[in-house]
Every structure is written in C-alpha cells, then in structure tokens.
Amino acid sequence: MTTYNPRRFAIASGLLAGLAILLLLQSISSINFKREPELSISLLPMNGLAREQFAFTEFAAKVTDPKETQAAAEYASGQARRALRSKPLAPKSHAILAMAEPDSSVRSEIISLAASLNRRDLALQGLWLNEKLSEGNFPATIEALDQILRVHPQHSEQFFPVLAEALEDQRTIPEFAQLLQGPLPWKTGFLRYAVRQRQLQPNLALLRMQIGFEGEPIDRSLIAGLVRQGLYSEAHGLYAHIIENPPVGSELTIGPWRSAYPPFDWYFVNDAGFRVQPSLNGETLDIAVRSGRGGVIIEKFIPAPTGAAQVRIKHRIAPLQQLRDVRLQANCAGNGTPYFDGRFKPGEVVFDLPQAPQGCDFVSLVIYARAWTGQSSLSGTIESFEMVEPNFNKET
C-alpha cells in the first residue's frame, strides 16, 4: 500500500505552484482593460478590475521561477490592495496578497476565505489546491480538483497528474469512489489517463470493485495492465467481478468463445492472412493461417488446475499433413517456457497435461500454428475446447 509521502507532496505542491502561475499568465484575455491596464487606470482611476490586472502584470513580470513567487507577490501587493479598495472581491488581488504573506497560517486563512467567495477563479482555486496538497488533506484535495475541473475543463490534462498523485495512496480510494460514482464532465478523461499509469493500476482495480467505469475499453485496459505487471490474482479478481457485474450497456458476448477481456477471456489473433474469429453462429472458431505466417493464434489464462488435467479439442483444420505445425502449449503465466507442448491430430485430440509447476497460480493455454513458406495455407474450424481435471467434471 502506498502511503502519504511528505516529500512527494512537497514536490507536487511546488509543481502546482508553478502550474498555477502558468495558468494565471494564460488567463489574460484580449479585453482592453486587461491588455492595457495602465491606460484603463488613467482613464478611470477607480477601475478596480484594471488595477487588479495591473497588479497581476507587475507580479507576472517578476516571476521566472516558482521560487520567486513570494518576492514577486510582495512587489505587486501595493497595487493589489488598491484594487481591493474599489473591488473587494477581486480574486487575483487576493491571490497575490496570499502569495505575499510570509506567515503560513495567515496565508492559509486568506486563501480559504477568498476561495470560498470565488469558486471560478483559477488562481485562487489553484492556491487552495496547493494548500490542501501541502497538508496531505486528501478529501479537500480531491474536492478542490473537482471544482477546478468542472469550471475549467480545458485544463484537465494539466491537473490530471495531481489527481493521480492523490490516487496513488490507498486511503484516498473511498473519496474517489464517492466522487466518481456519479456523472462528471472530466471522469472518463481522467480514467483514460489514469489507466495508462502503471503505478495507479492496482488502486484503480480496487476502485473499480466499488464503482463502474462506464465502458469496456477502460476495464479491458486495466485488466491487461495488471497482467503486464504480473499481478495475475488482482487481474483475475477484477475480471471475475466485472463478469458478474457487467457494465451498463455492455455487449459482453455470452458463449464458449467470449473475448471481451483477454487473457482471462479468449485472445484471438487478428491480422491479414493470420486470423481467428468466431463463426456467424458463435459456436465454432474459423481459422486462417496464410502460407509464410505463424505464431500464437489463441490464448487464454486460467487458474492453475490442482493436479494433472486433460484438454480435449475437436477441430477440422486442414491440410492434415501439416497438423504437426499446430500445437497446444501450456506454461505458467509470465513464463515463456512451456511445461507442456503437444501436436494436433486429425478430428478430436486429447492432451494429457501434467500438474503445473509449484508456485504456478495461473496457466496460459496457447494454440500455436504455422504454415511454412512454400506450403499450403492452414484453414478450418475449432468446434470445441474443453479442459477437465481427472474427475472430468471441470470445464473452462
């Protein structure tokens, strides 16, 4: 379990301070009082909005590094105070005064009060988020990020890494579950981002056990990611949960050749001239291996049998004289060396598999086929694939 790391959150807070400044700079529009605040002030001295923008212009001109934030804010604080006299709720002025304040408790109070008055200003919300990150306050951090992303969805990609930082700690999973169980404008985008982050996948699996992710592609990517990390038990547990509780609107195929969530469902190769696919009636598999092609055509992971087992396959693959190049292999998941390798024979073939090696929790069953260059292409069907343990009462 990942736990709160003060140094990591300090780094995240520093990065966020830089991000807040960058987004502040981006917030200048082409409106005249923002483009030429000094001119606006000279024309209308009581223009608090222009003074606020002028204060920010002074602040921005002094910042070339996040470490210079406080000094730059102190430089611009005079204009910020003048702006507040005529526009008491000017959000960027409050942000500048907060960044200029050397006393951390006073700074936190300014940010908290100002952020409660204005939930839309990116500067204040960024500073509030920075405070909560520094405190390691997960619920408030997630709440702040949610508010920022709802109001400023165009900055989602910039804030997703901060949200992901919080999700690395298992203690935040209940907060994320509560937040993500409803519709959010940034939910799918964040989940697509998070599922690509290797370090988040174990916690995402725990989160997925509590809420739906609204679509098979994210679930499929998460299962595959856990498998790539060798977390087979976690991946299989998530797979079993999804199969028992399929996503809303799922087109999960029910039948012997279900392939929605490989490798615990079937994996079928799908290349030009090298393809396996269910037949139109869904009862058999159509196989095509063009001359010069070969490799794994079918794969499925299963929990390792408790002892020796048999695999029975009925097929109509031709030409018969090339069946020596169609093989069933079994290996421990993650280990490329088969502990069983057997050739196909015409019609129905029975393979006697030995017990999986000690420490092998999941077995990869693979059908390998090759049509050598100069030979005929392989084609035909697989009609059934059954695996039974010695008492012959257990099927895949």
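Residues numbered from 1 in each chain as written. Predicted model: local features only at pLDDT ≥ 70, side-chain atom pairs only at ≥ 80, totals over all residues. Heavy atoms only, no water.

1. Structural notes on the side chain of Q201
Position of Q201 relative to the elements: it lies in helix α13 (residues 201-208). Using a relative accessible area of 4% as the deciding quantity, one classes Q201 as buried. Discounting chain neighbours no more than four positions away, the residues touching Q201 are V195, L222, G225, L226 and Q229. (Helix = DSSP H or I, 4+ residues; strand = E, 2+ residues; numbered from the N terminus. Buried < 20%, exposed > 50% of the residue type's maximum accessible area, 1.4 Å probe, protein only. Contact = heavy atoms within 4.5 Å.)

2. Side note on the nonpolar core
By size, the foremost hydrophobic cluster in this structure holds 47 residues, and its most contacted members are F176, W186, F190, L204 and L207. In terms of residue count, helix α10 (residues 156-167) provides more of this core than any other element does, seven residues in total. What L207 contacts, discounting residues up to four positions off in sequence, is I173, F176, A177, L180 and F213. Judged by nonpolar contacts, the second largest core, of 38 residues, contains V311, L323, L353 and V363. (Core = buried A, V, L, I, M, F, W, Y, C linked by side-chain atoms within 4.5 Å.)

3. Overview of unusual backbone geometry
A cis amide bond, omega 10°, links P262 with the succeeding residue P263. Of the consecutive residues A318 and P319, the connecting peptide bond is found in the cis state with omega at 0°. Here P319 is to be found in the loop between β6 (309-318) and β7 (326-332).

4. Things to note about the environment of Q358
Relative to the elements of secondary structure, Q358 occurs in the loop between β9 (348-353) and β10 (362-370). On the basis of relative accessible area, Q358 is assigned to the exposed category, the value being 84%. Q358 sits 26 residues away from C332 along the chain, and the two C-alpha atoms are 9.8 Å apart.

5. Observations concerning the sheet that holds strand β8 (residues 340-343)
On the basis of which strands lie adjacent, the open sheet formed by five strands has the order β1-β5-β10-β7-β8 and antiparallel pairing. The open sheet has two free edges, formed respectively by β1 (267-268) and β8, since each of these has just one partner strand. By the bridge criterion, nine bridges tie strand β5 (residues 294-303) to β10 in an arrangement that is antiparallel. From the neighbouring strand, P303 faces β10, where its bridge partner is F362. (Pairing = 2+ DSSP bridges.)

6. Thoughts on the side chain of K187
Along the chain, K187 falls in helix α12 (residues 187-194). For K187, a relative accessible area of 2% corresponds to the buried category. Not counting residues up to four positions away in its chain, the partners in contact with K187 are L180, Q181, G182, G212 and E214.

7. What about the state of the cysteines?
Under the counting rule described, the total for this entry stands at one disulfide. Residue pairing for C332: its cysteine sulfur links by disulfide to C360, the two sulfurs lying 2.2 Å apart. In this structure the cystine formed by C332 and C360 twists about its S-S bond by roughly -135°; its chirality is therefore left-handed. Of the two residues, C332 is situated in strand β7 and C360 in the loop between β9 and β10; the sequence distance between them amounts to 28 residues. C360 carries the same exposure label as C332, and that label is buried. (Disulfide = S-S within 2.5 Å.)

8. A short note on the sheet that holds β9
Strand order in the open sheet formed by six strands is β2-β3-β4-β11-β6-β9, with antiparallel pairing between adjacent strands. Two strands close off the open sheet at either side, each with one partner strand: β2 (270-271) and β9. The pairing of β6 with strand β11 (residues 378-388) spans nine bridges and is antiparallel. Each residue of the ladder has a partner; that of Q310, found in β11, is V388.

9. Remarks on the confidence of the model for the protein
Of the residues in the protein, 77% reach a pLDDT of 70 or more, and the chain-wide mean stands at 79. β8 holds the highest mean pLDDT among the elements of the protein, 97, whereas helix α2 (residues 32-35) holds the lowest, 39. A low-confidence stretch, residues 391-396 stays under pLDDT 50, and its non-local contacts, those more than four residues away or across chains, total 11 contacts. (pLDDT = per-residue confidence, 0-100.)

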